[in-house]
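Structure at a glance
One letter stands for each residue in the lines below.
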Amino acid sequence: METVRYLDDTGIPLRELPFSPEELRQGYRALRRARLFDEKAVLLQRQGRLGVYPPFRGQEAAQVGVALCLKADHDWLLPSYRESAAALTFGMPIHKLILSWRADPAGWGAPPDVNMVQFYIPIATQIPQAAGVAHAQRLLGKNAVAAVFIGDGGTSEGDFHEGLNFAAVFGAPLLVVVQNNGWAISVPTHKQMKVERIAQRAQGYGIPGVVVDGNDLVAVWSVAKEAVERARRGEGPTLIEALTYRIAPHTTSDDPSRYRSEETTREWERRDPIARMKNCLAHLGLWDEEEEARLSEALEAEFAAELALADQAREPKPWEIVEQVYAEMQPDQKAAWVYLRGEA
């Protein structure tokens with residue numbers, strides 16, 4: 001399958017770009033904001049101020065490009081556990097994300113004007129649920145779209161296939177975005193499937209499948225925008241495979257040098273999505289180092305203010321975690337809640 005690209009590996013446009021100069025600058029700012037959050041989150045985890053954290057360095061464009069096509073108060077975002085970049089771009093406040101990765105109940109859930117569910121830790125369970133959310137929008141008469149993310153390893157789970165089949169049969173307005181970084185923790189993609197591209201599986205469900213350069217923001221943004229427009233027209237779901245590479249470890253407790261080549265990692269670093277987009281803007285005369293310095297200063301100030309806000313959150317009570325399982329506590333949760341409160 002052809003891989004959709006708009007920029008070469010250095011960021012030079014290969015053809016006319018389908019976005020305005022201001023949109024391109026907006027996209028670059030979103031990439032930089034995501035990268036800064038990721039770097040700060042890793043530092044916080046090393047300082048003991050964050051729990052185990054799944055970094056996404058190298059995969060920013062595959063997430064940001066999709067989120068830029070969505071409306072937070074209208075559409076829906078269903079992330080797996082690595083989509084902090086998508087969440088930020090979609091509208092989740094930084095302090096909420098920090099609290100979420102601290103496992104603090106104050107970080108659970110989204111603001112009223114942000115239609116995002118909590119990060120999914122179980123693999124692939126978000127796919128059938130996303131199909132249901134998308135189908136529900138049609139039943140409610142809303143012209144809304146749901147976007148769901150999954151890694152290449154998750155596509156080997158049964159939930160992935162069940163969710164795609166349901167979405168296809170009912171024509172649900174759904175984007176299924178596979179971030180194929182070549183590894184499911186330590187298992188390479190080629191050991192998981194016989195087809196060359198995950199997007200080829202779309203043929204089995206009778207829906208479009210697209211392969212895109214996941215480190216090319218313009219390409220991801222363009223492909224996602226077209227898929228969103230199709231979904232809004234009532235033409236059903238799209239399976240998008242973004243070819244990318246997670247430079248960082250699987251989580252902050254992982255050592256990727258044990259199972260993958262550092263030479264390959266260095267090759268992908270030369271295709272860094274942020275460097276490519278910055279070079280693209282510079283090539284078009286849309287960016288300079290003064291603007292870069294102003295952006296860096298603004299992003300640092302924003303993160304510092306949001307971190308201070310997160311640090312002001314009160315210490316959660318042990319029993320609050322039990323209160324968040326169901327709308328109404330079941331007998332076992334109720335018993336645990338009573339015990340944790342010291343009322344047993």
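See the structure above.
Residues numbered from 1 in each chain as written. Predicted model: local features only at pLDDT ≥ 70, side-chain atom pairs only at ≥ 80, totals over all residues. Heavy atoms only, no water.

1. A word on the packing of aromatic side chains
Each aromatic ring pair is summarised here by two numbers: the centre-to-centre distance and the angle between the ring planes. Worth spelling out the cut-off: Note on aromatic contacts: the rings of Phe and Tyr and the six-membered ring of Trp form a pair at centre separations within 6.5 Å, being stacked when their planes are under 30 degrees apart, edge-to-face when over 60 apart, and tilted otherwise. Every helix listed is a DSSP run of H or I at least four residues long, and every strand listed is a run of E at least two residues long, numbered separately from the N terminus. Throughout this description, buried means an accessible area under 20% of the type-specific maximum (1.4 Å probe, protein chains only), exposed means over 50%, and partly exposed covers the range between. A positively charged side chain is recorded as over a ring if its NZ (Lys) or CZ (Arg) lies within 6 Å of the ring centre. The angle to the ring normal must also be within 35 degrees.
Per the stated rule, a full pass over the model turns up nine aromatic pairs. Judged by centre distance (5.1 Å) and plane angle (70°), the ring pair of Tyr 28 and Trp 287 falls under edge-to-face. Pair noted here: Tyr 28 is in helix H1 (residues 21–46) and Trp 287 is in the loop between helix H9 (273–283) and helix H10 (289–311), with a separation of 259 residues, a long-range link. Both residues of the pair, Tyr 28 and Trp 287, count as buried. Between Trp 183 and Tyr 259, the aromatic rings sit 5.5 Å apart at their centres with planes inclined by 50°, giving tilted as the arrangement. In this pair, Trp 183 sits in strand E5 (residues 183–184) while Tyr 259 sits in the loop between strand E8 (238–243) and helix H8 (262–269), placing the two residues 76 residues apart along the sequence. Under the relative-accessibility criterion, Tyr 259 is labelled buried at 18%. The ring of Tyr 6 carries the charged tip of Arg 15 above its face, separated from the ring centre by 3.8 Å. One cation-aromatic arrangement involves Arg 271 over Trp 268; the distance from NZ or CZ to the ring centre is 4.4 Å.

2. Topic: the environment of Leu 284
What counts here: Working rule for contacts: check all heavy atoms of both residues, and any pair within 4.5 Å makes them a contact.
Inspection of the secondary structure assignment puts Leu 284 in the loop between H9 and H10. Once the C-alpha coordinates of Leu 284 and Pro 13 are considered, the two residues, 271 residues apart in sequence, prove to be 9.0 Å apart. Once you skip the residues sitting within four places of it in the chain, Leu 284 turns out to touch Pro 13, Leu 17 and Leu 24.

3. Let's talk about the side chain of Thr 251
What counts here: For this analysis, a polar contact is any N or O atom pair within 3.5 Å, provided that within protein one partner can donate a hydrogen and the other can accept it, and provided that sequence-adjacent residues contribute only side-chain to side-chain pairs.
Considering the arrangement of structural elements, one finds Thr 251 in the loop between E8 and H8. A distance of 2.9 Å separates polar atoms of two side chains, one belonging to Thr 251 and the other to Ser 253. In this structure, Thr 251 is in contact with Val 52, Tyr 53, Pro 54 and Pro 55, ignoring residues within four places of it in sequence.

4. Topic: the pairing of strand E4 (residues 174–180)
Worth spelling out the cut-off: Pairing between strands requires that DSSP locate at least two bridges from one strand to the other. Handedness of a crossover: with both strands directed away from the viewer, a clockwise path from the first strand across the helix to the second marks it as right-handed.
E4 sits mainly inside the fold: seven of its seven residues count as buried. Sheet analysis places strand E3 (residues 146–151) next to E4, joined by six bridges and oriented parallel. Counted as the bridge partner of Ile 150 is Val 178 from E4. In terms of handedness, the path from E3 via helix H6 (residues 158–170) over to E4 forms a crossover that is right-handed. For E4 and E8, the ladder comprises six bridges, and the chain directions are parallel. Residue pairing across strands places Asn 180 opposite Leu 243, the latter belonging to E8.

5. Details of the side chain of Asp 213
By secondary structure assignment, the location of Asp 213 is in strand E7 (residues 209–213). On the basis of relative accessibility, which here comes to 2%, the residue Asp 213 falls in the buried class. At 3.3 Å, the side chain of Asp 213 forms a polar contact with the side chain of Arg 271. Apart from the residues lying within four places of it in its own chain, the contact partners of Asp 213 are Thr 3, Val 4, Arg 5, Ala 219, Val 220, Leu 243, Arg 271 and Arg 276.

6. Looking at the pairing of E8
In terms of burial, E8 is largely enclosed, as six of its six residues are buried. Neither face of E8 is exposed, since Thr 238, Ile 240 and Ala 242 on one face and Leu 239, Glu 241 and Leu 243 on the opposite face are all buried. Pairing of E7 with E8 involves five bridges; the strand directions are parallel. Opposite Val 210, over in E8, you have Ile 240 as the bridge partner. Running through helix H7 (residues 217–232), the crossover from E7 to the neighbouring parallel element E8 is right-handed.

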